[in-house]
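Fold and geometry: a report
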Amino acid sequence: MLEELKQKVFEANLQLVKYNLVVLTWGNVSAIDREKGLFVIKPSGVPYDTMKAADMVVMDLNGNKIEGELNPSSDTPTHLELYRQFNDIGGIVHTHSSWACSWAQAGRDIPAYGTTHADYSNGSIPCARGLTQNEVEDEYELNTGKVIVEEFNKRCINPAECPAVLIHRHGPFTWGKDAFKAVENALILEEVAKMAYRTESIAGFADNANIGIEQYLLDKHYQRKHGVNAYYGQK
């Protein structure tokens, strides 16, 4: 069942290792078949160097395991909630990549400081609130997804225009049109997190530091790549 999607999710999970976004088993990728109402996700705690495409687990949107001998990722309920609430996404990534996690642990948004960020997101990368004790003790992973949705609704952020979020004291989730785009967005997030930290570090030693991208420049860079009249790249 969904053999082609399993292969893609397997390959996307291996890209997390290739791009140094995970260590040990700290991460997972999933992708959804919207027509069938099923998604495929990495099995829980399986090392990347022994994992096979056949190990991928098929789930439905009610949280039932449809196919697979192994347990799905412990973050499956988070992925499930995002698929149910963000209707246009096709793939999701969760990592504990160090630069993005550092901003999450500090409880800070990643500000848009330059055009690299603006090419990726139409504004700051939000850091959602931490979960309450009750939310942690009762359906922790599902509540993580609900907190992400809550944050985007509260800030009126379109998840298509900001394909990433940080969870306070936890780490990043990214998404995209498919599993590979979600991994690409996780890689870009890590880079802009690193750049933002360095920008603030350098500005801290500078006289009359002027950081923070102008709105008109942010708009230009985001729209030329993602807008209705985008002209970046090849048709």
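For the structure given in this document, a descriptive report is provided here.

Definitions and limits used
- Residues numbered from 1 in each chain as written.
- Predicted model: local features only at pLDDT ≥ 70, side-chain atom pairs only at ≥ 80, totals over all residues.
- Heavy atoms only, no water.
- 1 Å grid on protein atoms, 1.4 Å probe; cavity = no way out; pocket = protein on both sides within 12 Å on 5 of 7 lines; lining within 4 Å.
- Points joined across faces, edges and corners; volume = space filled by probe spheres on them.
- Helix = DSSP H or I, 4+ residues; strand = E, 2+ residues; numbered from the N terminus.
- Nonpolar A, V, L, I, M, F, W, Y, C, P; charged D, E, K, R; others polar.
- Buried < 20%, exposed > 50% of the residue type's maximum accessible area, 1.4 Å probe, protein only.
- Contact = heavy atoms within 4.5 Å.
- Pairing = 2+ DSSP bridges.
- Phe/Tyr/Trp six-rings, centres within 6.5 Å; stacked < 30°, edge-to-face > 60°.
- Lys NZ or Arg CZ within 6 Å of the ring centre and 35° of its normal.

**Topic: empty space enclosed by the protein**
Counted by the stated rule, this structure contains one cavity of 30 Å³ or more. Counted as a void, the largest cavity has a volume near 30 Å³. Of all the elements in the fold, those that place two or more residues in the lining of the largest cavity are β5 (91-95), β8 (172-176) and α7 (179-203). Looking at the lining of the largest cavity, the element that brings in the most residues is β8, giving three residues. The residue inventory of the lining of the largest cavity, partitioned by class, reads five nonpolar, three polar and no charged.

**Overview of helix α2 (residues 76-85)**
Across the 10 residues of α2, seven count as buried, placing the element largely inside the fold. What α2 keeps buried is the set Thr76, Thr78, His79, Leu80, Glu81, Leu82 and Tyr83. Those residues of α2 hidden inside the fold are in contact with β1 (27-33), β2 (38-41), β3 (57-60), β5, α6 (140-155) and β8.

**Describing the pairing of β3**
A two-sided burial pattern is seen for β3, the buried positions comprising Val57 and Met59 on one face and Val58 and Asp60 on the other. Note that β2 and β3 share four bridges and pair antiparallel. From the neighbouring strand, Leu38 faces β3, where its bridge partner is Asp60. The pairing of β3 with strand β4 (residues 65-67) spans two bridges and is classified as antiparallel. Considered in β4, the bridge of Val58 is made with Glu67.

**Observations concerning the packing of aromatic side chains**
Scanning the entire structure with this criterion turns up five aromatic pairs. Plain terms: the ring middles of Phe86 and Phe152 are 5.6 Å apart, the flat faces sit at 55° to each other, and that makes the pair tilted. Taken as a pair, Phe86 in the loop between α2 and β5 and Phe152 in helix α6 lie far apart in primary sequence, 66 residues in all. No difference in accessibility class separates Phe86 from Phe152, as the two residues are buried. Aromatic ring contacts, followed pair by pair, group Phe86, Phe152 and Trp175 into a single cluster. If you follow Lys42 out to its NZ or CZ, it ends over the ring of Tyr48, 5.0 Å from the centre.

That's the geometry; what it means functionally is another story.
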